[in-house]
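# Descriptive structure summary
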Amino acid sequence: MKIIITEKPSVARDLAKVFGATTKRDGYIEGKGYSFTWAFGHLLQLAPPQEYGYIGWKVKNLPMLPQKLKLSVRKIRTNEGMIEDPSVRKQLNTIKALFDIATEIIVATDAGREGELIFRYIYHYLHCQKPFRRLWISSQTDAAIKDGFRNLKPGKDYDTLFYSAHCRSESDWLVGMNATQALSISAGSKTVLSLGRVQTPTLAMICARYLENKNFIPQTYFQVIISLQKDGQNFKAVSKKNYYKREEAEEVLNAVKSVADGFATGGDISKVETKTKKEQPPLLHDLSSLQQEANKKKGYTADETLAILQRLYEEKLITYPRTGSQYIGDDVFETIPQLIEKQQQHPFFSKQAIVLANNKLNKRSVNAKKVTDHHAILPTGEPARNLSPDKQVLYDMIIGRMLEAFHEVCVKDLTKITIESGSTFIANGTVIRSAGWRAVYNEPEENDQDQPENNTIPKVSEGESLAIIEKSIAEKQTKPKPLYTEASLLKAMETAGKEIEDEELRYAMKGSGLGTPATRASIIETLIKRSYITRKKKNLLPSETGLAVYDIVKDKLIAQAELTGQWEKRLEEIRSGASVKAFKEEIKQYTRKITEELLIAGKELELLLEDQG
DNA sequence: GCAAGGTC
């Protein structure tokens, strides 16, 4: 019996179907000499400190540096505290029984670092010794699966990938557990003050933005606005300069030769520039972009969106949602015309679905090289009837984005007119020549409010003089960067590291950022659970505790996105063959250092937390 | 009581 193990049940079902295996057993599917079993994510986790004899949270235990970290079965929280998850234990027993009778093991967990770790942890925990081969595919179409099985790789080809995954896992444990205990103990052990490679830089971003916003001193400035007329059509122009004194603006205003001042045509057109701009459609959705859209448009939290998507996925209405790729491969692209055709009955999108059916599809979102473990989120094409309102909203966002992504470019004429009337004024106009993908939602763009755009601008030419029928002064204020919302925080986590100065570290974080698509929502929830941050309307605000923790760690490496960059660089080196030993030693050193620092620094928090009661 | 990672 050949045993295939996947990361999650849905993949096992897809593989079994291709092989024609149809007998459903408890925890696996059987047929044609194969058994397809599965994990559900990580079944095993690094054992908590008490399993090494570090009982209670005590300074004498710190830093906790066990000789060897152990694995233990995933736990769930119950009224009696943390217990082994019985469904996980049961599935491990199923996997063990299958491994015991296996003539061959084929590893089909997701094609990535964590997928490798999910299998290796199971394999080691079960003390399995049998050789295994690796399936490495990034789409679940029949063709991709068949091709993948014809090209199974020796398991050992992925040993270094496992080493890098293992280092990631152990390093997060060592730094996170020790830093958390050190800070919590030295602050008086009244509450859990957690710290970690991902959560602490995330907290730092929220706090830094909050303080920047709070301490921002707005500056008043003035613009002079004129209204011109041509052939009975009005449009606005704004002074080229901003003025910081009202008197200056008034001088400029007074110099404007308006009709009221006795000038029938006091606005001289000195320049007309028109250029055509092609605007590509947005890419297909990945989890993060969808969470951002759902937060902006509907106020859903990242966590809520993920939960709703999981239900849509379990009902087989959408493809795998926890993806970090906004692309699909050519094999999936072949199925797109049918998926679009199915939307021709859609109450809102039918018209554009019909338009698309008759158009050549835009292939901007088609790039097999940019498909990582999973491709972009798509509908499966299964009929979606009677969805709850929440599900309908997200399902429609996925459909809408699919239609946009395969649509034609939007073509616009951008016109910039320069007008002289005492001083220089600028009018900007945008005319959409061909809406392309923008026809899907048909929503106006968000404009830069400093430069009002005229949706239509009459045809004018250089040398013409137009009537100025109105003039006024607009008083404005400079604005701080806005507080983070979940949408902007997700974006910031994704792109964290883009500003890192060291080129190598910046490169190492490219395409990863802080956390992963699957974990960002839970990182935000952790910060809320610790009372580090609160939600206020759409904004995320730091609490007193959050700010106090930030103040203690803000200059330390643990609060910087660079830490992830440094690790990613080393982990990639390990994946390509570098020694694990040196990195592990550095992590130990860093653990000792940060633990020692926090045991001292946390004392500053003790009084503050007492004050809060 | 604690990390970050995965998923029902």
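Predicted, not measured: the structure shown is a model, and the values here were computed from it. (Residues numbered from 1 in each chain as written. Chains lettered and ligands numbered in written order. Predicted model: local features only at pLDDT ≥ 70, side-chain atom pairs only at ≥ 80, totals over all residues. Heavy atoms only, no water.)

### Some details on the UniProt feature "domain: Toprim" (unreviewed entry) in chain A
Spelled out, the test is: UniProt positions are given in the numbering used here, feature names are shortened, and annotations may be inferred rather than shown by experiment. By the criteria applied, helices consist of DSSP H or I runs no shorter than four residues and strands consist of E runs no shorter than two, each listed in order from the N terminus.
Mapped onto this structure's residue numbering, the UniProt feature "domain: Toprim" (unreviewed entry) falls at residues 1-141. Secondary structure within residues 1-141 divides into 28% helix and 28% strand; the distance between the first and last C-alpha atoms comes to 24 Å.

### What about the pattern of salt bridges?
As a reminder, the rule being used: Here, a salt bridge means any side-chain nitrogen of Lys or Arg that lies within 4 Å of a carboxyl oxygen of Asp or Glu. Residue exposure (1.4 Å probe, protein chains only): buried if accessible area is under 20% of the type maximum, exposed if over 50%, otherwise partly exposed.
Taken as a whole and judged by the stated rule, the model has 38 salt bridges. For Glu116, the salt bridge goes to Arg134, with nearest N and O atoms at 2.6 Å. Placement of Glu116 in helix 3 (residues 113-125) and of Arg134 in strand 10 (residues 132-134) is noted, with a sequence separation of 18 residues between them. Of the residues examined, Glu116 reaches a relative accessible area of 0% and is grouped as buried. For Arg134, a relative accessible area of 0% gives the class buried. Its salt-bridge partner being Glu315, residue Lys391 comes within 2.6 Å of it at the nearest N-O pair. Here Glu315 lies in the loop between helix 9 (302-314) and helix 10 (330-333) and Lys391 lies in helix 13 (residues 389-405), a separation of 76 residues in the sequence. Residue Lys391 is classed as buried on the basis of its relative accessible area, which comes to 11%. Glu315 sits in the partly exposed class, given a relative accessible area of 38%.

### Focus: the domain arrangement of chain A
Cut-off, in case you're wondering: Domain delimitation follows an automatic or database domain assignment. Whether two residues touch is decided by their heavy atoms; if any such pair falls within 4.5 Å, the residues are in contact. Two N or O atoms count as a polar contact when they lie within 3.5 Å, although within protein this holds only if one can serve as hydrogen donor and the other as acceptor, and sequence-adjacent residues are included solely when both atoms are side-chain atoms. Each residue is assigned to one of three groups, with Ala, Val, Leu, Ile, Met, Phe, Trp, Tyr, Cys and Pro labelled nonpolar, Asp, Glu, Lys and Arg labelled charged, and all others, Gly among them, labelled polar.
When cut into domains, chain A gives domain 1 (2-151), domain 2 (165-215 + 482-611), domain 3 (220-279 + 413-477) and domain 4 (287-405). Domain 2 and domain 4 are separated by 32 Å when their C-alpha centres are compared. Taken together, the 14 residues of domain 2 in the interface contact 15 residues of domain 4. One can count zero salt bridges joining domain 2 with domain 4. Counting across the interface, domain 2 meets domain 4 through six residue pairs in polar contact (both at pLDDT 80 or more). Within the residue set of the side of domain 2 that touches domain 4, elements represented by two or more residues are helix 14 (486-495) and helix 16 (520-529). For the side of domain 2 that touches domain 4, the element with the most residues is helix 14, which contributes five residues. Counted by class, the side of domain 2 that touches domain 4 contains six nonpolar, one polar and seven charged residues.

### Side note on empty space enclosed by the protein
Operational definition: Both site types are read off a 1 Å grid over the protein atoms alone. A 1.4 Å probe that fits but cannot get out defines a cavity, while an open set with protein on both sides within 12 Å along at least five of seven lines defines a pocket; lining residues have an atom within 4 Å of a point. Grid points are joined across faces, edges and corners, and a volume is the space filled by probe spheres set on the points.
One pass over the structure, following the stated rule, counts one cavity of 30 Å³ or more. In this model, the largest cavity occupies a volume close to 80 Å³. Residue lining of the largest cavity: Val11, Leu15, Ala108, Thr109, Asp110, Ala111, Leu135, Trp136, Ile137, Gln140, Asp373 and His374, and that is the complete set. Counted by class, the lining of the largest cavity contains seven nonpolar, three polar and two charged residues.

### A few points about the layout of surface pockets
Quantified by volume, the second largest pocket comes out at close to 570 Å³. Along the wall of the second largest pocket there are 23 residues; nearest its centre are Met205, Ala496, Gly497, Glu499 and Ala561. Within the residue set of the lining of the second largest pocket, elements represented by two or more residues are helix 6 (199-214) and helix 14. Residue contributions to the lining of the second largest pocket peak at six residues, all from helix 6.

### Looking at the protein's contact with DNA strand B
For clarity, the cut-off: Whether a residue is near a molecule or strand is decided by its heavy atoms; if any one of them lies within 4 Å of it, the residue is near.
Looking at DNA strand B, there are 44 residues lining it, with Pro49, Arg74, Gln199, Tyr320 and Thr516 nearest. When atoms of DNA strand B within 4 Å of the protein are sorted by moiety, sugar and phosphate together comprise 62%. With respect to DNA strand B, the side chain of Asp172 contributes an N or O atom lying 3.5 Å from a sugar or linking oxygen. Here a sugar or linking oxygen of DNA strand B and a side-chain polar atom of Arg197 are 2.9 Å apart. Elements with a contribution of two residues or more to the surface near DNA strand B: strand 5 (44-46), helix 5 (159-186) and helix 9.

### Points about the pairing of strand 13 (residues 233-239)
Heads up, the rule is: When DSSP finds two or more bridges between a pair of strands, those strands are recorded as paired.
Across six bridges, strand 12 (residues 220-230) lies against strand 13 in antiparallel orientation. Each bridged residue has a counterpart across the sheet, and for Ser227 the counterpart in strand 13 is Lys236. By the bridge criterion, two bridges tie strand 13 to strand 16 (residues 423-434) in an arrangement that is antiparallel. Looking at the pairing, Val238 lines up with Ile426 of strand 16.

### Details of the sheet that holds strand 3 (residues 28-31)
Where we set the bar: Each axis is a line fitted through C-alpha atoms, and for a helix only the stretch in contact is used; angles between axes span 0 to 180 degrees, taken between their N-to-C directions.
Strands sit in the order 2-3-4-1-9-10-11 across an open sheet of seven strands; the sheet is mixed. Looking along the sheet, the strands with just one partner apiece sit at the ends: strand 2 (23-25) and strand 11 (153-154). Across three bridges, strand 9 (residues 104-108) lies against strand 10 in parallel orientation. Residue Ile105 lies in a different strand from strand 10, and its bridge partner there is Phe132. Of the strands in this sheet, strand 1 (2-6), strand 3, strand 4 (34-38) and strand 9 touch helix 1 (residues 9-19), which is tilted by about 165 degrees from strand 4.

### Topic: a positive patch on the surface
Rules: Patch membership needs two things, relative accessible area over 30% and no salt bridge, and members are linked within 9 Å if like-charged or within 5 Å if nonpolar (Val, Leu, Ile, Met, Phe, Trp, Tyr). Per-residue accessibility takes into account occlusion by the displayed protein chains alone, with areas from the Shrake-Rupley method and a 1.4 Å probe. In this charge count, Lys and Arg are treated as positive and Asp and Glu as negative; neither His nor the chain ends contribute. By convention, the point assigned to a charge is CZ for Arg, NZ for Lys, CD for Glu and CG for Asp.
Among the surface-exposed residues, Lys240, Lys241, Lys271, Lys275, Lys277 and Lys416 lie close enough to one another that they form a single positively charged patch. Per element, the largest residue contribution to the positive patch is three residues, and it comes from strand 14 (residues 267-279). Its place among the elements puts Lys277 in strand 14.

### Comments concerning the pairing of strand 14
Pairing of strand 14 with strand 18 (residues 465-477) involves two bridges; the strand directions are antiparallel. Note that in strand 18 the partner of Asp268 across the bridge is Ser465. Here strand 14 pairs with strand 15 (residues 410-421) via 11 bridges, running antiparallel. Looking at the pairing, Glu273 lines up with Lys416 of strand 15.

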